[in-house]
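# Examining the three-dimensional arrangement
As a plain string of letters, each chain reads:
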Amino acid sequence: MENFLSDKWDVMPKHSSEEVLQRWRDLCGVVKNPKRRFRFTANLSKRYEAAAMRKTNQEKLRIAVLVSKAAFQFIQGMQPSDYTVPEEVQSAGFQICADELESIVEGHDVKKLKFHGGPHGISQKLATDPTNGITTESLTRRRELYGTNKFEEVEPQSFWVFVWEALQDMTLMILGVCAFVSLIVGILTEGWPKGAHDGLGIVASILLVVFVTATSDYRQSLQFKDLDKEKKKVSIQVTRNGYRKKMSIYHLLPGDIVHLSIGDQVPADGLFLTGFSVLIDESSLTGESEPVMITSENPFLLSGTKVQDGSCKMLVTTVGMRTQWGKLMATLSEGGDDETPLQVKLNGVATIIGKIGLFFAVVTFAVLIQKMIGRKWGEGTTLKWSGDDAMELLEYFAIAVTIVVVAVPEGLPLAVTLSLAFAMKKMMNDKALVRHLAACETMGSATNICSDKTGTLTTNSMSVVKSCICMGVKDLSKYSSSGISSELPDSVVKILLESIFNNTGGEVVVNRRGKRKILGTPTETAILEFGLSLGGDFQAERGLSKVLKVEPFNSTKKRMGVVLELPEGRGLRAHTKGASEIILAACDKVLNSEGNVVPLDETSVNLLKGTIDEFANEALRTLCLAYMELESGFSIKDDIPDSGYVCIGIVGIKDPVRPGVPESVALCRLAGVTVRMVTGDNINTAKAIARECGILTDDGVAIEGPVFREKSLEELYELIPKIQVMARSSPLDKHTLVKHLRTTFNEVVAVTGDGTNDAPALHEADIGLAMGIAGTEVAKESADVIILDDNFSTIVTVAKWGRSVYVNIQKFVQFQLTVNVVALAVNFYSACRTGSAPLTAVQLLWVNMIMDTLGALALATEPPNEELMKRAPVGRKGNFISVVMWRNILGQSLYQFLIIWFLQSHGKTIFRLHGYPDSDLVLNTIIFNTFVFCQLFNEVNSREMEKVDVLDGILDNYVFVLVVGATVLFQIIIIEYLGTFASTTPLTFMQWFVSILIGFFGMPIAVILKQHFPVEN
């Protein structure tokens, strides 16, 4: 079966093509209820619609760009277009309407933009200040006139829709027809109410199945709805009322001033106001991979696109469903998530068993009819058919249909979504937001975790603790804030503050309470704190010089730079900072202890390199700051120089290891998961932190990215299994490592990432883990799971939940396949031997509910235990239905079949039923009761596939206890009080005791199977 499934029912955990997804749908032959079976799968027609919309957007944008270029050339000779401000807009204090704004940005209409006075003219017409943003007083009128930044979503389905969908089950509909015919024939032959019992019994059973199924499905849909809301929580930096703050993108309004930087998603349509080197990736909207440069000549920013490089201030012009992204999102949200590999695999199992079940149902029906006709032939009544004969025939047909109900395990693929929904909800509480369903499953199979250092293994609470300025090393913990600045020459403090406050991606702002707040990455925050401790004033320092050019930090160059125009015509100056050895290599001069610029000789280089190593060995991050005077011929179109700098100094930044990380790494090692650190930091810093975390062992290798890049394929094949630390790595190095681990070594790889450049590695990995706090929107968009607290221990929790999902579904499959095998065998054998089935349609429907909906609830929601992390990971090639599972399924099935066969053959003798009125009914009730208790005890057995102690931790899972308790209660009611409808009769105490005892004996049988029939998994 596993080979068949691997061959035809195999999809990738992510990025499966539409053709592959369509293929397995076409293979599903016997589907009782398509609406339910395919509910939690991708809507391929909506996906094709979204792809067509992207193509249209691309064409529209291409035409708009061509038209705007032509318009730009002839703009001087054009007459201004006629535009009349609508009265309601004017009365609200604005001078431009939503339709006009939409046509300007979406159509890239340069002519209209020029007519309205460019971006600054439009900001005036929207009554907004480019510096202070909009005011709170105008919010209500803006919402009314321009709309909100929300997208249309599909209305959540009500409970009754799920009831209706559950009723769409083909076999239940056939049974419904049988019940109706049974009702009519029964009343006509036996009268009311006696003749209605069989029909009403089937109807009641169908309604019970439908309502229990609908309740379970409805609860799942609510869980997915809650998770969808969490996925859509995106914040952005906005200036309102003169204060800069983080705000949900859904609260944005036209006129808002938004601050964009690398990795952000453009939250609405808008216009570029000010900024540097802004490159926009429009592929999500148009499918076009070539990035677009945004400048004052091409200021149009479209919602849903990503900032690939640079930073800028943007004026919001169009929001929500008026944007192309809004319309695309409305379609994409209906496209749904890709189905997971386990969902598809279990659809395959359901289809195979369904076909077997259908075959047995047809054969059973044929045998029962043949026995009936044989009996009538013997009686000589072949041509005489009474109402009782019609009822008997109908009952046989109902049994055959019910065999299909029980035999087609429709609940298998749905158990996956139930387990995933449960796990995702719990993982949310454990600070992990799952974006793609398949990630839950795949994480359980992970064999490698490639983790960042900063913020994941460390706390991300950074502070400058050591410095080497003017060639002198200082431990800042021994100095007061004024102490260090008083020991440095004034000229050095001045140049240092100029470098810190201008060459930064952070900002120092004052909030409403008048408190100073530093915005930016933890590294930037630490450097700015250091600048403030030297007595610097951020705003005053920024006001002294004019910023002409900015090259933001990126993980390829490992540096950032800025060009300043100095006051009083003193020329241009470039500042740079970044990875210490890279910046130091770009310097040929240094500031000495007197603050003078002197050549950087070999002694000074060795001293500075020794300082970098000393800081790094103490697990400090090191950054080097440098500057250079630029010649008057420098143009802002030129790149900032790569060499010729004056080294100001080196700072050492402390970022302590997170509590609990060493224990989590040790747990991973115990679980057979290899943890590797991939960082952009200095190799000595990386090694020191890796040793502290327990990642770097004596036989492990620490390597630098540039060295890794130069290795041949043969060398990489030898090297990669030993790599535990990769320092000074570029995003391409991370991508290469992940690709080799996945393809060459067939590992299942989880990768963490926070920056825009990490997106390729997150995309390539089996499981991409983005950081919720430090991560950019681009990284989060490419990830499968978002680690909300940026903590490595949370990643281990995700792995534990992943294993739990995988094992829980295996438990449920083992349980359900056992019921399938026994129900099929018993009914088929009985039909052939006695010409009747011991289990009626109503009884089989109840058994179906125990094994399907209730079984899934009990077994698929087991919480993870510590034992899970003591097993080796399944990896990429593990068989889902393992040898251990087949042993348990076949062992239990054989026991149950032999017991029921024995009861059918000798039950009347054992229970002394010979000569007893209704002895067949009593025996069939005992068989039904025994069969149900066999399933209940087997459900308990299924909690552990290999461990003998199946009761360990059973009380921790209240759902399991509740389901088993409710099943026992209903079984008592069915036997004792609903006999007329369920074809049962009340049993004596001894008969109950024997039924339960036989069911209980399934537990010792399970122990014998586990201890005396060991198998290799």
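Treat the numbers as computed from the prediction; the structure is a model and nothing was measured.

## Observations concerning the overall build of the protein
Looking only at helices and strands, the protein has 39 helices and 26 strands in total. For the protein, the residues scored as buried account for 56% of the 1017 residues in total. Of the contacts made within the protein by residues no fewer than 6 positions apart, 74% connect residues no fewer than 24 positions apart.

## Quick notes on the pairing of strand 17 (residues 587–591)
It is a general feature of regular strands that their side chains alternate between the two faces of the sheet. Inspection of the sheet shows strand 17 paired to strand 20 (residues 645–654) by three bridges, in the parallel sense. Residue pairing for strand 20: Lys 589 is matched across the bridge by Val 646. Pairing geometry for strand 17 and strand 18 (residues 597–599), over three bridges, is antiparallel. Within strand 18, the residue paired with Lys 589 across the bridge is Pro 599. Between strand 17 and strand 18, which pair antiparallel in sequence order, lie five residues; one of them, Gly 595, sits at a positive phi of approximately 90°.

## Notes on the sheet that holds strand 24 (residues 749–753)
An order of 8-26-25-24-9-21-23-22 is seen for the eight strands of this open sheet, with the pairing classed as mixed. What marks the edges here is a single partner per strand, and that holds for strand 8 (432–434) and strand 22 (701–704). Strand-to-strand twist of the sheet, defined as the mean angle between neighbouring strand axes without regard to direction, takes the value 20°. Each of strand 8, strand 9 (448–451), strand 24, strand 25 (767–771) and strand 26 (785–787) touches helix 18 (residues 437–444); the most contacted strand, strand 25, lies at about 110° to it. Along the sheet, helix 32 (residues 792–834) makes contact with strand 8, strand 9, strand 21 (674–678), strand 24, strand 25 and strand 26, crossing strand 26 at roughly 145°.

## Quick word on the pattern of salt bridges
Oppositely charged side chains can pair when the atoms bearing their charge come close. Applying the stated rule across the entire model yields 26 salt bridges. For Asp 681, the salt bridge is made with Lys 453, and the minimal N-O distance between the two is 2.8 Å. Taken together, the residues Asp 681 in the loop between strand 21 and helix 26 (683–693) and Lys 453 in the loop between strand 9 and strand 10 (463–469) connect sequence positions 228 residues apart. When its relative accessible area of 1% is taken as the criterion, Lys 453 is described as buried. Between Lys 947 and Asp 952 there is a salt bridge, with the nearest N and O atoms lying 3.2 Å from each other. By relative accessible area, which is 29% here, Lys 947 ends up partly exposed. Where salt bridges share partners, they join Asp 99, Glu 102 and Arg 322 into one cluster.

## Concerning the environment of Lys 811
Structurally, the position occupied by Lys 811 is in helix 32. For Lys 811, a relative accessible area of 7% puts it in the buried group. Each C-alpha atom of the pair Lys 811 and Gly 855 lies 9.8 Å from the other, and the pair is 44 residues apart in sequence. Residues contacting Lys 811, with those up to four places away along its chain left out, are Leu 859, Glu 862, Ser 942, Arg 943 and Met 945.

## Some remarks on the packing of aromatic side chains
Per the counting criterion, the structure on display carries 14 aromatic pairs. Judged by centre distance (5.6 Å) and plane angle (65°), the ring pair of Phe 94 and Tyr 146 falls under edge-to-face. A residue pair is termed long-range when its members are at least 10 positions apart, and Phe 94 in the loop between helix 5 (87–91) and helix 6 (98–106) and Tyr 146 in helix 9 (residues 139–146) qualify at 52 residues. Note on Phe 94: relative accessible area 2%, which makes it buried. Ring centres 6.1 Å apart and planes at 85° place the aromatic pair Trp 160 and Phe 211 in the edge-to-face group. Residue Trp 160 is found in helix 10 (residues 159–167), and its partner Phe 211 is found in helix 12 (residues 197–231); the two are separated by 51 residues along the sequence. Ring pairing ties together the aromatic residues Phe 159, Trp 160, Phe 162, Phe 211 and Tyr 218, which thus form one cluster. Sitting over the face of the ring of Phe 115, Lys 125 holds its NZ or CZ atom 5.6 Å from the ring centroid. Above the plane of the ring of Phe 960 lies Arg 943, whose end atom (NZ or CZ) is 5.7 Å from the centre.

## A few points about the packing of helix 35 (residues 919–941) against helix 38 (residues 989–1000)
In contact at an axis separation of 7 Å, helix 35 and helix 38 are set at 35° when each is read in the N-to-C sense. By crossing handedness, the relation of helix 35 to helix 38 is classed as right-handed. Within the contact between the two elements, helix 35 uses Val 922, Ile 926, Asn 929, Thr 930, Phe 933, Cys 934 and Phe 937 and helix 38 uses Gln 991, Trp 992, Ser 995, Ile 996, Ile 998, Gly 999 and Phe 1000. Looking at side-chain class alone, the contact of helix 35 with helix 38 contains nine nonpolar, five polar and no charged residues.

## Re the side chain of Lys 734
Position of Lys 734 among the secondary structure elements: in helix 29 (residues 731–743). Every residue in contact with Lys 734, bar those within four places of it in the chain, is listed here: Asp 452, Val 678, Val 751, Thr 752, Gly 753, Asp 758 and Ala 761.

## A short note on the nonpolar core
Counting residues in hydrophobic clusters, the biggest one holds 143 residues, and the most contacted among them are Leu 175, Met 443, Ile 767, Phe 792 and Val 813. For this core, the element with the most residues is helix 32, which contributes 18 residues. Sequence-distant contacts of Phe 792, defined by excluding residues within four places in its chain, comprise Ile 449, Ser 451, Thr 456, Leu 457, Val 661, Ser 664, Val 665, Cys 668 and Val 675. In terms of nonpolar packing, the next biggest core, distinct from the first, is built from 31 residues, Met 462, Leu 476, Leu 528 and Tyr 627 among them.

## Let's talk about a nonpolar patch on the surface
A contiguous nonpolar patch, built from Ile 187, Trp 192, Leu 200, Ile 972, Tyr 977, Leu 978 and Phe 981 and spanning about 690 Å² of accessible area, is present on the exposed surface. You can see Leu 200 is positioned in helix 12. Residue classification places Leu 200 among the partly exposed positions, given a relative accessible area of 32%.

## A word on unusual backbone geometry
Leaving glycine out, the prevailing phi sign among residues is negative, and the prevailing peptide bond configuration is trans. Phi is positive for Asn 460, which is not a glycine, with a value near 70°. Mapped onto the elements, Asn 460 comes out in the loop between strand 9 and strand 10. For Asn 460, a relative accessible area of 16% gives the class buried. Even without glycine at this site, Asn 746 takes up a positive phi of about 55°. As for its placement among the helices and strands, Asn 746 is situated in the loop between helix 29 and strand 24. Since its relative accessible area comes to 36%, Asn 746 is described here as partly exposed.

## Side note on the side chain of Arg 943
You can see Arg 943 is positioned in the loop between helix 35 and helix 36 (958–977). Separated by 2.7 Å, the side chains of Arg 943 and Glu 862 make a polar contact. Leave out the neighbours within four places in its chain, and Arg 943 touches Lys 811, Leu 859, Glu 862, Val 950, Leu 951, Asp 952, Gly 953, Ile 954 and Phe 960.

## A look at helix 33 (residues 841–859)
For helix 33, which comprises 19 residues, the first-to-last C-alpha distance of 25 Å matches the rise-based estimate of 27 Å (1.5 Å per residue) to within 8%. Largest kink in helix 33: about 30°, centred on Thr 853. With respect to burial, helix 33 is a largely interior element, 19 of its 19 residues being buried.

## Digging into the pairing of strand 15 (residues 559–565)
Taking burial as the measure, the seven residues of strand 15 include six buried ones, the bulk of the element. Judged from the six bridges that link them, strand 14 (residues 546–554) and strand 15 form a sheet pairing that is antiparallel. Looking across to strand 15, one finds that Val 547 is bridged to Leu 564. Connecting the antiparallel pair strand 14 and strand 15 is a turn made up of four residues, with Lys 558 showing a positive phi of about 60°. In this structure, strand 15 lies alongside strand 16 (residues 572–579), joined through seven bridges in antiparallel fashion.

## Observations regarding helix 20 (residues 490–502)
Between its first and last C-alpha, helix 20 extends 18 Å over 13 residues, near the 18 Å set by a 1.5 Å rise per residue. In terms of burial, helix 20 is largely enclosed, as ten of its 13 residues are buried. Here helix 20 has its buried residues at Val 492, Val 493, Ile 495, Leu 496, Leu 497, Glu 498, Ser 499, Ile 500, Phe 501 and Asn 502.

## Describing the confidence of the model for the protein
Averaged over all residues, the pLDDT of the protein equals 84, while 90% of them reach at least 70. Confidence drops under pLDDT 50 across residues 75–80; counting only partners more than four residues distant or on other chains, this segment forms six contacts.

## A few points about the packing of helix 24 (residues 602–617) against helix 26
Where helix 24 contacts helix 26, the axes come no closer than 7 Å and their chain directions differ by 15°. The pairing of helix 24 with helix 26 is recorded here as roughly parallel in orientation. Between helix 24 and helix 26 lies a crossing of right-handed hand. Along the contact surface, helix 24 presents Asp 613, Ala 616 and Asn 617, while helix 26 presents Asn 684, Thr 685 and Ala 688.

Conventions we followed
- Residues numbered from 1 in each chain as written.
- Predicted model: local features only at pLDDT ≥ 70, side-chain atom pairs only at ≥ 80, totals over all residues.
- Heavy atoms only, no water.
- Helix = DSSP H or I, 4+ residues; strand = E, 2+ residues; numbered from the N terminus.
- Buried < 20%, exposed > 50% of the residue type's maximum accessible area, 1.4 Å probe, protein only.
- Contact = heavy atoms within 4.5 Å.
- Pairing = 2+ DSSP bridges.
- Axes fitted to C-alpha atoms, helices over the stretch in contact; angles between N-to-C directions.
- Salt bridge = Lys/Arg side-chain N within 4 Å of Asp/Glu carboxyl O.
- Phe/Tyr/Trp six-rings, centres within 6.5 Å; stacked < 30°, edge-to-face > 60°.
- Lys NZ or Arg CZ within 6 Å of the ring centre and 35° of its normal.
- Left-handed = near helix turned anticlockwise from the far one by under 90°.
- Nonpolar A, V, L, I, M, F, W, Y, C, P; charged D, E, K, R; others polar.
- Core = buried A, V, L, I, M, F, W, Y, C linked by side-chain atoms within 4.5 Å.
- Patch = residues over 30% accessible without salt bridge, like charges linked within 9 Å, V, L, I, M, F, W, Y side chains within 5 Å.
- Areas by Shrake-Rupley, 256 points an atom, 1.4 Å probe, with all protein chains shown as cover.
- Polar contact = N/O pair within 3.5 Å; in protein donor to acceptor, adjacent residues only side chain to side chain.
- Expected span 1.5 Å × (residues − 1).
- Bend = angle between axes of the 7 residues up to and from the residue.
- pLDDT = per-residue confidence, 0-100.
- Parallel < 35°, antiparallel > 145°, perpendicular 65-115°, else oblique.

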